[in-house]
Amino acid sequence: MHLKYSFFILCAAFMVGCNESAVTEESPEGTQPYTALRSVAPFPVGVAVQSGRLGAAVHSGVVRTVFNSVTAEYEMKMQHLTDASGNFIWSPADALIAFAKEHDMQIHGHTLVWHQSTPAWLANFGGTDAEFEDAVRDYITTVVTRYKEDVVSWDVINEAFEDGTGALRNSVFRRRMGPDYIARLFQYTRAADPDVLLFYNDYGTIWDAAKRDSMFAMVDDLQSRGIPIDGIGLQMHITHTFPALQNIVEVMDAMVQRGLKIHISEMDVRVNPEGDLLVLTDARSQLQKKRVSEIAAAFMDLPEEYRFAITWWGLRDPESWLIDFWGNPEWGLLFNAEYQPKPAYEGFLEALTGRG
Ligand code: 9MR
């Protein structure tokens, strides 16, 4: 096993036979290192990428060989697409998009509006509320138009509801555009691109009933008024034990009932939530594999038209946001530090191919 993976890493690093076919099919002779997700998944399988990491041949080799969808981990957020004065900065996002196109990968846009990525030019906007809204609409129109040919779907707004109460967050967007601002963000995005798929993306909607209720009330309201929304990003930041699979299935069913496409977005599976591990044990790794496999299998059980994509929130364990955020050693992703696929990768693959 180890030798095979090493072969793959070498292949990725030195571009020796490192085209998609190197890992797209299992070889009876055992010459192939492992099966690429993109070669077997019946829906796009994505990964969050940072533009700056694509310069490393091993990194970009694994990304393009294994996945067929990408999300910018931060380069397409407002605070990164504009500077403090509102001037656009396109190059990191452009580079990522060029990479994705070159390797025939779908691009999911993340995210047009997010309270945590509010640039100074909007946070301190000096004009009237109407001018503020014009500026937001212009921003959406410019960004969505620029990437019209390339981006198939956008998170129009991210994380708009409070934890625990489900109240609309009192962001500058809510304050200056009023309580119906989400509807208008969806309309502005649709106006800029009639074909792009429009998503609402949030975390905690599996276990936080108030937030989930608010999200579905918002969806029901938009749908009853004929305001376009195509799908929901179900952020899958979970642990090896929480939340219960049944709760995940229930929330996905509620989306299907509303005719919404489901994006299992931002997936990572923490295995050290209590901080009891200093190294990843085989036992915990196997629990992670089981968890990944059962979630992928539940997604596979959905009717095809509702399976938008599953996106992993990063490639390798040490690069994940989880470590800084939670302050514990953590191994939440499919690849280890050496770019080797973990048991979780196998579990994912097994579910996608019906062998789980
Ligand atoms: O993982 C992302 C990290 O690299 C960025 O610094 C951060 C701020 O832009 O955003 C992280 O991703 C977040 C995502 O955009 C929205 N849901 C929560 C994710 C983790 O914070």
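All chains use their own residue numbering, which begins from 1 and follows the written sequence. The model is predicted, so local features are restricted to residues of pLDDT at least 70 and side-chain atom pairs to those at 80 or more, both for listing and for counting; the totals for chains, interfaces and linings are taken over all residues. Excluding hydrogens and water, the side-chain figures rest on all heavy atoms present in the structure.

Asks: Please explain the confidence of the model for the protein as it appears in this structure.
Replies: Any segment with low pLDDT has predicted coordinates that should not be analysed in fine detail. Per-residue confidence for the protein averages 92 on the pLDDT scale, and 91% of its residues sit at or above 70. Confidence scores labelled pLDDT are given residue by residue by the predictor and lie between 0 and 100. Contact definition: two residues touch when any of their heavy atoms are within 4.5 Å. pLDDT under 50 marks residues 1–22. Its contacts with residues more than four places away, or in other chains, come to 41 contacts. For residues 24–32, every residue scores under 50 in pLDDT, and the model assigns this stretch 14 contacts once sequence neighbours within four places are set aside.

Asks: In this structure, what is going on with the site of the ligand? I would like to understand it.
Replies: Residue proximity to a molecule or strand is established when one non-hydrogen atom of the residue lies within 4 Å of it. For the ligand, the full set of nearby residues is Gln-50, Glu-73, Tyr-74, Lys-77, His-110, Trp-114, Asn-158, Glu-159, Gln-235, Glu-266, Trp-313 and Trp-321. Between the ligand and Glu-159, the relevant distance is 2.7 Å, taken from a nitrogen atom to a side-chain nitrogen or oxygen of the residue. Counted as a polar contact is a pair of N or O atoms within 3.5 Å, where, for protein atoms, one must be capable of donating a hydrogen and the other of accepting one, and residues adjacent in sequence contribute only when both atoms are in side chains. In the environment of the ligand, a nitrogen atom lies 3.4 Å from a nitrogen or oxygen atom belonging to the side chain of Gln-235. Burial of the ligand by the protein chains amounts to 75% of its free accessible area of 460 Å². Any residue that is not Ala, Val, Leu, Ile, Met, Phe, Trp, Tyr, Cys, Pro, Asp, Glu, Lys or Arg is counted as polar, Gly included; the first ten are nonpolar and the last four charged. Looking at the shell around the ligand, its residues break down into four nonpolar, four polar and four charged. Only the protein chains shown count as cover for residues, and all accessible areas are computed by the Shrake-Rupley method using a 1.4 Å probe.

Asks: In this structure, what is going on with helix α13 (residues 282–300)? I would like to understand it.
Replies: Helix numbers and strand numbers start at the N terminus; a helix is a DSSP run of H or I with at least 4 residues, a strand a run of E with at least 2. Multiplying 1.5 Å by the helix residue count minus one yields the expected span of that helix. Here α13 is 19 residues long and its end C-alpha atoms lie 27 Å apart, about the 27 Å a rise of 1.5 Å per residue gives. Each residue is assigned to one of three classes by its accessible area relative to the maximum for its type, calculated with a 1.4 Å probe on protein chains only: buried under 20%, partly exposed between the two thresholds, exposed over 50%. Listed in full, the buried residues belonging to α13 are Arg-284, Ser-285, Gln-288, Lys-289, Arg-291, Val-292, Ser-293, Ile-295, Ala-296, Ala-298 and Phe-299. Looking at the buried residues of α13, the elements they touch are β6 (231–239), α12 (245–257), β7 (261–270), β8 (307–312) and α15 (343–352).

Asks: Even after reading the chapter, I still don't get the environment of Trp-331, so can you show me in this structure?
Replies: Relative to the elements of secondary structure, Trp-331 occurs in the loop between α14 (321–326) and α15. Expressed as a C-alpha distance, the spacing of Trp-331 and Asp-180, which sit 151 residues apart in the sequence, is 40 Å. Not counting chain neighbours up to four residues away, the residues in contact with Trp-331 comprise Val-269, Val-271, Asn-272, Leu-277, Leu-278, Val-279, Leu-280, Gln-288, Asp-317 and Lys-342.

Asks: Sorry, what's going on with the sheet that holds β6 here?
Replies: What links the strands of a sheet is backbone hydrogen bonding, and the strands pair in either a parallel or an antiparallel sense. Pairing between strands requires that DSSP locate at least two bridges from one strand to the other. Judged by pairing direction, the barrel is parallel, and its eight strands sit side by side in the order β1-β2-β3-β4-β5-β6-β7-β8 before closing back on the first. Across the sheet, the mean angle separating the axes of adjacent strands is 30° when strand polarity is ignored. Here α13 sits on the sheet in contact with β6, β7 and β8, set at roughly 175° to β7. Geometry is summarised by axes, namely lines fitted to C-alpha atoms with helices restricted to the contacting stretch, and by angles between N-to-C directions that run from 0 to 180 degrees.

Asks: Please clarify how the environment of Arg-258 should be interpreted in this entry.
Replies: In this structure, Arg-258 sits in the loop between α12 and β7. Expressed as a C-alpha distance, the spacing of Arg-258 and Tyr-203, which sit 55 residues apart in the sequence, is 19 Å.

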